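# Structural characterization, general
Spelled out, the chains give:
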Amino acid sequence: PSPYPYEQESVEFIRAALPDTDPYRAWALCDLVDSTGSRYEIDLLVIGRHALYLIEVKSYPGEISGDTNDWLIRAPEGHLKHRESPFRLAHHKAKVLASLLERSRLGRERPRVEALIFLSHPDVKIHKLDPRARAHVVLRSDLARAITHAEFPGAEPWLRDQQINAPAARGIAEALRALGIQKGRRDRRLGELVLDSLLEEGPGYQDHLAHHERIPERLTRVRHYLVPQATTRERREQLARAAE
């Protein structure tokens, strides 16, 4: 379960929209941790008929305009919000997951990993969104068709030639469990700060936006130094000095 009602409602909508048969399987609100210690929040992973879909859920009411870099969201009340296009980060997560699956026992048999942006609010309008920014964006009306038939803006035609059957779906599920897909922590804290979205990452660190739990408008940037698996004591001490 998610502490955010919009997120939980979106997951329930997707659950109801998908067939309850093979090869369809889903993991909601989970975390992926790679060998470097980098942690990625995943709203939804779905094994579809033609690909493994990494789905980023955004519940923006109102009208969305913008391009492949920046989105402008006009709420029904009229106020504006600027947001970075969510596809960049979702695509990056999909690439990380694809790389991990390729290094798993699946190897070259791994499925295609596709990022989708699900705009889950029933009243969202995207007719002013640049056509290029519309790629990989789905609404309630076309979400199920995207997963069952690989029909979504920007989908490669050859994607529909790929087929995932029941045994392949079981193999993908086992590989995901072996990778360490974890129960998500949607309310990660550092003292009175609540960590929000990933802003940036680099060699050995990730930066997150954070807000004060009692004063939500007070924002700050939190840098998280990563401790890879099998790190030596000397390296751990170096990381601790870097953080200080």
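The coordinates are above.
Residues numbered from 1 in each chain as written. Predicted model: local features only at pLDDT ≥ 70, side-chain atom pairs only at ≥ 80, totals over all residues. Heavy atoms only, no water.

### Side note on the overall build of the chain
Stated formally: Where helices and strands are cited, they refer to DSSP runs of H or I of at least four residues and of E of at least two residues respectively, numbered from the N terminus. Accessible area is worked out with a 1.4 Å probe on protein chains only. A residue is then buried under 20% of its type maximum, exposed over 50%, and partly exposed in between. Note on definitions: a residue-residue contact is assigned when non-hydrogen atoms from the two residues lie within 4.5 Å. Residue burial considers only the protein chains on display, and all accessible areas are found by Shrake-Rupley using a 1.4 Å probe. Charged-residue counts in this description rest on Lys and Arg as positive and Asp and Glu as negative, His and the chain ends being excluded. To locate a charge, the coordinates of NZ of Lys, CZ of Arg, CG of Asp or CD of Glu are taken.
Scanning the chain for helices and strands turns up five helices and 14 strands. Across its three principal directions, the C-alpha atoms of the chain cover 50 × 50 × 30 Å. Counting all 244 residues of the chain, 44% fall into the buried class. In the chain, the share of contacts with a sequence separation of at least 24, taken over all contacts with a separation of at least 6, comes to 53%. Within the structure as shown, the chain displays about 13,400 Å² of accessible surface, and the carbon and sulfur contribution to it stands at 49%. Considering the chain, the positive charge centre built from 38 side chains and the negative charge centre built from 36 side chains are found 2 Å apart.

### Some details on the environment of Glu 201
Following the sequence through the fold, Glu 201 ends up in strand E12 (residues 193-202). The class for Glu 201 is partly exposed, based on a relative accessible area of 25%. Along the sequence, Glu 201 and His 224 sit 23 residues apart, while their C-alpha atoms lie 9.2 Å from each other. If near-sequence neighbours (up to four positions away) are discounted, Glu 201 is found in contact with Ser 38, Tyr 40, His 92 and Gln 206.

### Details of the layout of surface pockets
Filter applied, for reference: With a 1 Å grid laid over protein atoms only, a set of points is called a cavity when a 1.4 Å probe fits there but cannot get out and a pocket when it is open yet has protein on both sides within 12 Å along at least five of seven lines; lining residues have an atom within 4 Å of a point. Grid points are joined across faces, edges and corners, and a volume is the space filled by probe spheres set on the points. We call Asp, Glu, Lys and Arg charged. Ala, Val, Leu, Ile, Met, Phe, Trp, Tyr, Cys and Pro are nonpolar, and the rest, Gly among them, are polar.
Empty space within the largest pocket amounts to approximately 1,200 Å³. Lining the largest pocket are 36 residues, with Tyr 6, Lys 58, Tyr 60, Asp 196 and Ser 197 positioned closest to its centre. In terms of residue count, E12 provides more of the lining of the largest pocket than any other element does, five residues in total. Residue composition of the lining of the largest pocket, grouped by class: 16 nonpolar, six polar and 14 charged.

### Quick word on the sheet that holds strand E11 (residues 189-190)
Keep this limit in mind: Strands pair, by our definition, only if DSSP identifies at least two bridges between them.
With antiparallel pairing, four strands are arranged side by side in an open sheet as E11-E12-E13-E14. Each having just a single partner strand, E11 and strand E14 (219-225) make up the two edges of the open sheet. Where E11 lies against E12, two bridges are found, and the strand directions are antiparallel. When the bridges of E12 are listed, Arg 189 appears paired with Val 194.

### Description of the pattern of salt bridges
Filter applied, for reference: The rule for a salt bridge is simple: a side-chain nitrogen of Lys or Arg has to be within 4 Å of a carboxyl oxygen of Asp or Glu.
Per the stated rule, a full pass over the model turns up 18 salt bridges. For Glu 237, the salt bridge goes to Arg 233, with nearest N and O atoms at 3.4 Å. Pair noted here: Glu 237 and Arg 233 are both in helix H5 (residues 233-243), with a separation of four residues, about one helical turn. Of the residues examined, Glu 237 reaches a relative accessible area of 36% and is grouped as partly exposed. Look at Arg 233 and you get exposed, because its relative accessible area is 69%.

### A look at the nonpolar core
Condition: Residues belong to a common nonpolar core when they are buried Ala, Val, Leu, Ile, Met, Phe, Trp, Tyr or Cys residues joined through side-chain atoms within 4.5 Å.
Among the nonpolar cores identified, the biggest contains 40 residues, and Leu 45, Ile 64, Trp 71, Leu 97, Leu 101, Leu 119 and Leu 176 are the most heavily contacted of them. Sorting the residues of this core by element identifies strand E1 (25-33), strand E2 (39-47), strand E3 (52-58), strand E5 (70-74), helix H2 (87-102), strand E7 (113-119), strand E8 (124-129) and helix H4 (166-179) as the ones contributing at least two each. In terms of residue count, the dominant contributor to this core is H2 (eight residues). Setting aside anything within four residues of it in sequence, one finds Leu 45 in contact with Arg 25, Ala 26, Trp 27, Tyr 53, Leu 54, Leu 97, Leu 176 and Ile 181.

On their own, these measurements won't tell you what the molecule is for.
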